[in-house]
Amino acid sequence: MRGCARAAVARRVARAGGDGAATIRAPRARIGAVVCGRALSSSSRASDAPGAVAEVWLYDPREFLAAHGGAGDVDDACARLTTDEERATMRATPERLLARAFARRVLASASGGDGDDARTGAMNIAFDIGARGKPRLKAWDATVGGVRGFSVSHCDGLVAVATTRDASAEIGCDVESEIRRLGSDIGKFSARWMSSGERQGLDAIKDDEEKARAFMKLWTLKEAYVKALGLGIAGRPFREFEVAWEHVEQGEDARCAIDGVRNASEKGGIWRIDLRDDAAPAASRAWSMALLKPRLEHEHVLALCMPSAGESTRADIRVRWATPFDDIVNEGVAPALLGASSRFFV
């Protein structure tokens, strides 16, 4: 689970490569209810083969924290969803504890439980640490049905849990604020963390605000990739691989075959993304990426990195808004697409 943006980036700079906001009412959905937006677009030229699938669960904890801001209130609310050890470790950072409670509830619900069943099942979820340090499910087949892997990220006002049923059990998810003010540090951060190609792309952007947004989008995509690999930044330094991008105006000649999202209609179109990793030359085919904006009116961006489905040029991103505690249905709107791997442009 990552914190967000400037403070997090600054801490990582200081470590030289080592591994919270106003009250807003969040759309809520019953955990377990599928909430898919309309397809952004599709094409008869797209492969009919099953595409990559990612399920993403989102939670805005700000309403709860505004009403129950005390550490004791959060501790009590999470008592049926988290272990004593987790509450003892995380109660000083309430959003982190809520994120863990949400992750447990999501993973329990993925096995078909809801209401009290899901809350009881959440306590039975067992976590382990993989060989490369990434949290994983222990005995997933006995506890969480077909879910084989997960990735959790949180940034002030947004918690995201991405799950996969892919046999590889690999998926990466990261959320950040794209409007963090890096100020004069943008050049230093770019030199420290970005590849030469990424730095050239950023240097070509003259508007400081647009450049800062582009930096945070790149950061979020790169973070999702290293999390999918199960590595920290120390294990796969950001400068050693590249997320190349170009702005594409969607139209008849450039349509994106991802279901469950909608067009962001941003100035300059959306990003066509190519992952380039010399240490893993097949990475651009092995992995697919998507960059989303959960709500157009808010600052968060969300990146997903998921295993590609063979030669398929399709993907399905299934998004649900929910809370750890409620079973109230509210479908909300589909996330907006800000960018996607080249394979999805048909």
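Quick summary incoming for the structure in this document. (Residues numbered from 1 in each chain as written. Predicted model: local features only at pLDDT ≥ 70, side-chain atom pairs only at ≥ 80, totals over all residues. Heavy atoms only, no water.)

**Observations concerning the overall build of the protein chain**
Here's step 1: Secondary structure assignment for the protein chain yields eleven helices and 14 strands.
Here's step 2: Accessible surface, the protein chain: about 14,300 Å² in total, of which carbon and sulfur atoms supply 47%. (Helix = DSSP H or I, 4+ residues; strand = E, 2+ residues; numbered from the N terminus. Areas by Shrake-Rupley, 256 points an atom, 1.4 Å probe, with all protein chains shown as cover.)

**Describing the pattern of salt bridges**
Here's step 1: For the structure shown, the criterion picks out 17 salt bridges.
Here's step 2: The partner of R62 in a salt bridge is D60, and the shortest N-O contact between them spans 3.1 Å. D60 shares its class with R62; the two are buried.
Here's step 3: R87 serves as the salt-bridge partner of D84, at 2.3 Å between the closest nitrogen and oxygen. With D84 and R87 both in helix α4 (residues 84-90), this residue pair falls three residues apart, about one helical turn. (Salt bridge = Lys/Arg side-chain N within 4 Å of Asp/Glu carboxyl O. Buried < 20%, exposed > 50% of the residue type's maximum accessible area, 1.4 Å probe, protein only.)

**Description of the side chain of S177**
Here's step 1: With respect to the element layout, S177 can be found in strand β6 (residues 172-177).
Here's step 2: Here S177 falls in the buried class, since its relative accessible area comes to 2%.
Here's step 3: Of the polar contacts made by the side chain of S177, one reaches the backbone nitrogen of I179; its length is 3.4 Å. (Polar contact = N/O pair within 3.5 Å; in protein donor to acceptor, adjacent residues only side chain to side chain.)

**Details of empty space enclosed by the protein**
Unfilled space is identified by rolling a water-sized probe across the atoms.
Here's step 1: Space inside the largest cavity adds up to approximately 40 Å³.
Here's step 2: Forming the walls of the largest cavity are R62, G157, L158, P294, R295, H298, H300 and W321.
Here's step 3: Broken down by class, the residue content of the lining of the largest cavity amounts to three nonpolar, three polar and two charged. (1 Å grid on protein atoms, 1.4 Å probe; cavity = no way out; pocket = protein on both sides within 12 Å on 5 of 7 lines; lining within 4 Å. Points joined across faces, edges and corners; volume = space filled by probe spheres on them. Nonpolar A, V, L, I, M, F, W, Y, C, P; charged D, E, K, R; others polar.)

**Looking at the nonpolar core**
Here's step 1: Counting 32 residues, the largest nonpolar core has F215, L221, Y225 and W271 as the members making the most contacts within it.
Here's step 2: The greatest single-element share of this core, amounting to eleven residues, is contributed by helix α10 (residues 208-229).
Here's step 3: For L221, the contacting residues outside a window of four places in its chain are V243, W271, I273, M289, A290, L291 and A303. (Core = buried A, V, L, I, M, F, W, Y, C linked by side-chain atoms within 4.5 Å. Contact = heavy atoms within 4.5 Å.)

**So, the packing of helix α8 (residues 186-193) against α10**
Here's step 1: Where α8 contacts α10, the axes come no closer than 11 Å and their chain directions differ by 30°. The angle between α8 and α10 places the two elements in the roughly parallel class. Along this stretch, α8 crosses α10, giving a crossing that reads as left-handed. Facing I186, F189, S190 and W193 of α8, the residues of α10 in contact are K211, A212, F215, W219 and K222.
Here's step 2: When grouped by side-chain class, the residues that make up the contact of α8 with α10 number six nonpolar, one polar and two charged. (Axes fitted to C-alpha atoms, helices over the stretch in contact; angles between N-to-C directions. Parallel < 35°, antiparallel > 145°, perpendicular 65-115°, else oblique. Left-handed = near helix turned anticlockwise from the far one by under 90°.)

**As for α10**
Here's step 1: For α10, with 22 residues, the first-to-last C-alpha span of 32 Å sits near the 32 Å given by 1.5 Å per residue.
Here's step 2: Across the 22 residues of α10, 18 count as buried, placing the element largely inside the fold.
Here's step 3: Of the residues flanking the start of α10, the one acting as N-cap is D207, its side-chain oxygen 3.2 Å from the backbone nitrogen of E209. (Expected span 1.5 Å × (residues − 1).)

**A closer look at the packing of aromatic side chains**
A ring pair, where both rings are aromatic, is described by two values, the distance of the centres and the angle of the planes.
Here's step 1: Throughout the structure, instances matching the rule amount to twelve aromatic pairs.
Here's step 2: On the numbers, 4.8 Å between centres and 65° between planes, the contact of Y225 with F241 is edge-to-face. With Y225 in helix α10 and F241 in the loop between α10 and β7 (242-248), the pair connects residues that are 16 residues apart, well separated along the chain. With respect to class, Y225 is no different from F241; both count as buried.
Here's step 3: Measuring from centroid to centroid gives 4.8 Å for W245 and W271, while their planes differ by 25°, and the two rings are stacked. Placement of the pair is W245 in strand β7 and W271 in strand β10 (residues 270-276), with a sequence separation of 26 residues.
Here's step 4: Among the aromatic residues, those joined into a cluster by ring pairs are F189, W193, F215, W219, Y225, F238, F241 and W287.
Here's step 5: One residue, K222, lies across the ring of F241, its end atom 4.1 Å from the ring centre.
Here's step 6: In this structure, R320 packs its charged tip against the face of W57, placed 4.4 Å from the ring centre. (Phe/Tyr/Trp six-rings, centres within 6.5 Å; stacked < 30°, edge-to-face > 60°. Lys NZ or Arg CZ within 6 Å of the ring centre and 35° of its normal.)

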